[in-house]
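# Notes for the structure review
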Amino acid sequence: MAQYIERLKDKIKIKKLDSNQPIGAWIFVIVLNIVGFAGYFYLKLNHVQLSN
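Residues numbered from 1 in each chain as written. Predicted model: local features only at pLDDT ≥ 70, side-chain atom pairs only at ≥ 80, totals over all residues. Heavy atoms only, no water.

## Notes on the overall build of the protein chain
Within the protein chain, the secondary structure is distributed over 2 helices and 0 strands. Scaling as 2.2 N^0.38, a compact globule of 52 residues should have a C-alpha radius of gyration of about 10 Å, whereas the protein chain reaches 19 Å, well beyond that. By principal-axis analysis of the C-alpha atoms, the protein chain measures approximately 50 × 35 × 15 Å. With the model as given, the accessible surface of the protein chain reaches about 5,600 Å², and the carbon-plus-sulfur share is 67%. (Helix = DSSP H or I, 4+ residues; strand = E, 2+ residues; numbered from the N terminus. Rg over C-alpha atoms; globule rule 2.2 N^0.38 Å. Areas by Shrake-Rupley, 256 points an atom, 1.4 Å probe, with all protein chains shown as cover.)

## Things to note about a nonpolar patch on the surface
A contiguous nonpolar surface patch, about 1,000 Å² in accessible area, is contributed by Ile-23, Trp-26, Ile-27, Phe-28, Val-29, Ile-30, Val-31, Leu-32, Ile-34 and Val-35. Tracing the backbone through its elements, the reader meets Ile-23 in helix H2 (residues 23-45). (Patch = residues over 30% accessible without salt bridge, like charges linked within 9 Å, V, L, I, M, F, W, Y side chains within 5 Å. Salt bridge = Lys/Arg side-chain N within 4 Å of Asp/Glu carboxyl O.)

## A look at unusual backbone geometry
If you check the backbone angles, His-47 has positive phi at about 55° while not being a glycine. You can see His-47 is positioned in the segment after H2. For His-47, a relative accessible area of 70% gives the class exposed. (Buried < 20%, exposed > 50% of the residue type's maximum accessible area, 1.4 Å probe, protein only.)

## Quick notes on the packing of aromatic side chains
Tallied over the entire structure, the rule returns 1 aromatic pair. On the basis of an interplanar angle of 70° and a centroid distance of 5.3 Å, the ring pair of Tyr-40 and Phe-41 is categorised as edge-to-face. Take Tyr-40: its relative accessible area is 45%, and that puts it in the partly exposed class. The exposure class assigned to Phe-41 is partly exposed, which follows from its relative accessible area of 48%. (Phe/Tyr/Trp six-rings, centres within 6.5 Å; stacked < 30°, edge-to-face > 60°.)

Here it is, written out as structure tokens:
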């Protein structure tokens, strides 16, 4: 059981980001998520339903 817990901790542990990754791509992804959530809340506040 202790070995299982150790493996689980290793999988959950936050890894250090690689410095070779393009920072622009991460900024794009984060901004796109923010725009998506903002759009979702805008539609909810104005009672717009996209389903039938």
